[in-house]
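One letter stands for each residue in the lines below.
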Amino acid sequence: VVSSAPIANNVRRVDQGYQSLGVETLHIPPTRSSQRGCEGEKSIVYLNPFGSNAIKCMEKGVFEALVDTFGWCANTQILCPKVTAMATNGDPMVYEELNAIVSHYASSGMVTQLPAMSTGEYVTTLGGADVVIGTDTSSQHVAHYFGVPTITCYPHHTGYRYFFWGCPGERNLCLRAPTSA
């Protein structure tokens, strides 16, 4: 159990949470560049279809539509995590099916499937992205912390909307994903 600052001090609460996980500080300067894409450098889209539990995972059709949308752009690199057995919570088939789709897109060259990362590597990767798209999971929280634009797609079937810390706005959008049917 971690005692944390009042809810009004979100930055301090997040710092305390990550320090409890052994991360000294999250004040790593982001490596993303607003000039990316203009100078031949690829824009980085971190696309995470995995939720903290199976019901919060992105629907397969929504994930496929996002890859198909960004995948055709020559100046875009799509990074996707590979789920580990430790990350699954709920129906393991949901994670296995999404992981198979990520692997398929990686083998076709449309996405880069990232290997397991240390906490520091994970934080640095998210801080260096141009946009982070996913469900309500740690990638959204960490990206928001660094000011990286986020798009959080809540599954339509949950029946309610989650909100991660921080408010929706022009740099961090929250929406309920449409049905993939």
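Residues numbered from 1 in each chain as written. Predicted model: local features only at pLDDT ≥ 70, side-chain atom pairs only at ≥ 80, totals over all residues. Heavy atoms only, no water.

Looking at this structure, I do not really get the environment of Asn 89. What am I missing?
With respect to the secondary-structure elements, Asn 89 resides in the loop between strand E2 (76-80) and helix H3 (92-107). Owing to a relative accessible area of 42%, Asn 89 belongs among the partly exposed residues under this scheme. On a C-alpha basis, the gap between Asn 89 and Ser 52 in space is 6.7 Å, while along the polypeptide they are 37 residues apart. Leave out the neighbours within four places in its chain, and Asn 89 touches Ser 52, Asn 53, Ala 54 and Tyr 95. (Helix = DSSP H or I, 4+ residues; strand = E, 2+ residues; numbered from the N terminus. Buried < 20%, exposed > 50% of the residue type's maximum accessible area, 1.4 Å probe, protein only. Contact = heavy atoms within 4.5 Å.)

Quick question: what am I supposed to make of the pattern of salt bridges here?
Oppositely charged side chains are able to pair whenever their charged atoms sit close together. The final tally for this structure, using the stated rule, is one salt bridge. For Glu 97, the salt bridge is made with Lys 60, and the minimal N-O distance between the two is 3.2 Å. With Glu 97 in helix H3 and Lys 60 in helix H2 (residues 60-71), this residue pair connects regions lying 37 residues apart in the sequence. The exposure class of Glu 97 is partly exposed, given its relative accessible area of 34%. Look at Lys 60 and you get partly exposed, because its relative accessible area is 39%. (Salt bridge = Lys/Arg side-chain N within 4 Å of Asp/Glu carboxyl O.)

What is the right way to read helix H4 (residues 119-127) from this model?
Among the residues making up H4, those that are buried are Tyr 122, Val 123, Leu 126 and Gly 127. Each buried residue of H4 lies within a common arc of 130° when the element is viewed along its axis, so the set occupies one face. Buried residues in H4 make contact with strand E1 (43-48), strand E4 (131-134) and helix H5 (138-146). (Arc of directions from axis to C-beta.)

Would you take a moment to explain the nonpolar core for this structure?
Burial of nonpolar side chains together is a common tendency in soluble globular proteins. Among the nonpolar cores identified, the biggest contains 23 residues, and Leu 47, Met 58, Phe 63, Val 67, Cys 80 and Ile 133 are the most heavily contacted of them. Among the secondary structure elements, those contributing two or more residues to this core are E1, H2, E2, H3 and E4. Here the element with the most residues in this core is H3; it accounts for five residues. Excluding residues within four positions of it along the chain, Ile 133 makes contact with Val 45, Tyr 46, Leu 47, Asn 48, Leu 66, Phe 70, Gln 140, Ile 151 and Cys 153. Core analysis: the second largest hydrophobic core is formed by 14 residues, Leu 114, Val 132, Val 142 and Phe 146 among them. (Core = buried A, V, L, I, M, F, W, Y, C linked by side-chain atoms within 4.5 Å.)

Honestly, the environment of Val 67 in this entry has me stumped. Any pointers?
Looking at the secondary structure, you find Val 67 in helix H2. Note: C-alpha distance between Val 67 and Ile 78 (11 residues apart in sequence) is 7.8 Å. The residues contacting Val 67, other than those within four sequence positions of it, are Leu 47, Ile 78, Tyr 105, Met 110 and Val 111.

I would appreciate a short explanation of the confidence of the model for the protein chain in the present structure.
Parts of the model with low pLDDT should not have their predicted coordinates read in detail. Across the protein chain, the average pLDDT comes to 76, with 66% of residues at 70 or higher. The least confident element of the protein chain is helix H1 (residues 10-20), whose mean pLDDT is 63; the most confident is strand E3 (residues 112-113), at 95. This model gives residues 5-9 a pLDDT under 50, and the stretch forms five contacts once residues within four places in sequence are excluded. Across residues 26-35 the pLDDT falls below 50, and counting only partners more than four positions away or on other chains, this stretch makes 26 contacts in the model. (pLDDT = per-residue confidence, 0-100.)

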